Amino acid sequence: MSRRWIILRHVIRFIVSAIVLALVAFLIPGFSIAGFGSVLLAALAIMVVGWLVEALTRNRITPYGRGVVGFLVSAGILYVIQFIIPGYRIGFFSALVASMLIGIIDIFVPTTRSKAPIE
């Protein structure tokens, strides 16, 4: 896999994550993100915190094999990010619902495990 493809894959994952996050914030009561900049910062923060959690758990919590623990960890990440990103607010129950909805969207629009194109 070429370095350029790896960078492009991460950029695409980031853009898709930001769009999904904005959509979920729009749909779920008790979840708000004020402005485009906050959406981008929140998506970046969620990716970094998610990466740290996966690094600490040695990938035992993966997007496709989460189960209840992964669902709760995702909700926790969504909730904790509000203390880092200005303009991002979410209630605990809303974080649970958002985590579930993001998991459902991820089934149809996967942002991981993509393969490199044939070169």
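Residues numbered from 1 in each chain as written. Predicted model: local features only at pLDDT ≥ 70, side-chain atom pairs only at ≥ 80, totals over all residues. Heavy atoms only, no water.

Novice: How would you explain the overall build of the protein if you had to name every residue and give the values?
Specialist: A tally of regular secondary structure across the protein gives four helices and two strands. Ordered by position from the N terminus, the helices and strands of the protein form the series α-β-α-α-β-α. Contacts spanning at least 24 positions in sequence make up 67% of the contacts within the protein whose residues lie at least 6 apart. (Helix = DSSP H or I, 4+ residues; strand = E, 2+ residues; numbered from the N terminus. Contact = heavy atoms within 4.5 Å.)

Novice: Quick one: what's the story with a nonpolar patch on the surface, residue by residue and with numbers?
Specialist: Side chains of Ile 7, Val 11, Ile 15 and Ile 19 sit close together on the surface and give an oily, nonpolar patch of about 360 Å² of accessible area. By the element assignment, Val 11 lies in helix α1 (residues 3-27). (Patch = residues over 30% accessible without salt bridge, like charges linked within 9 Å, V, L, I, M, F, W, Y side chains within 5 Å. Areas by Shrake-Rupley, 256 points an atom, 1.4 Å probe, with all protein chains shown as cover. Salt bridge = Lys/Arg side-chain N within 4 Å of Asp/Glu carboxyl O.)

Novice: Could you give me a rundown of the nonpolar core, with the residues and numbers involved?
Specialist: Core analysis: the biggest nonpolar cluster contains 23 residues, and Leu 21, Phe 31, Leu 78 and Tyr 88 have the highest contact counts within it. Of all elements in the fold, only α1, β1 (31-33), α2 (36-56), α3 (67-80), β2 (88-90) and α4 (92-108) reach the threshold of two or more residues within this core. (Core = buried A, V, L, I, M, F, W, Y, C linked by side-chain atoms within 4.5 Å. Buried < 20%, exposed > 50% of the residue type's maximum accessible area, 1.4 Å probe, protein only.)

Novice: Now, about the packing of aromatic side chains: what can you tell me, with residues and values included?
Specialist: As enumerated under the stated definition, the model contains three aromatic pairs in all. With centroids separated by 5.7 Å and ring planes inclined at 80°, the aromatic side chains of Tyr 79 and Phe 83 adopt a geometry described as edge-to-face. Classification of Tyr 79 as partly exposed rests on a relative accessible area of 28%. Residue classification places Phe 83 among the exposed positions, given a relative accessible area of 61%. (Phe/Tyr/Trp six-rings, centres within 6.5 Å; stacked < 30°, edge-to-face > 60°.)

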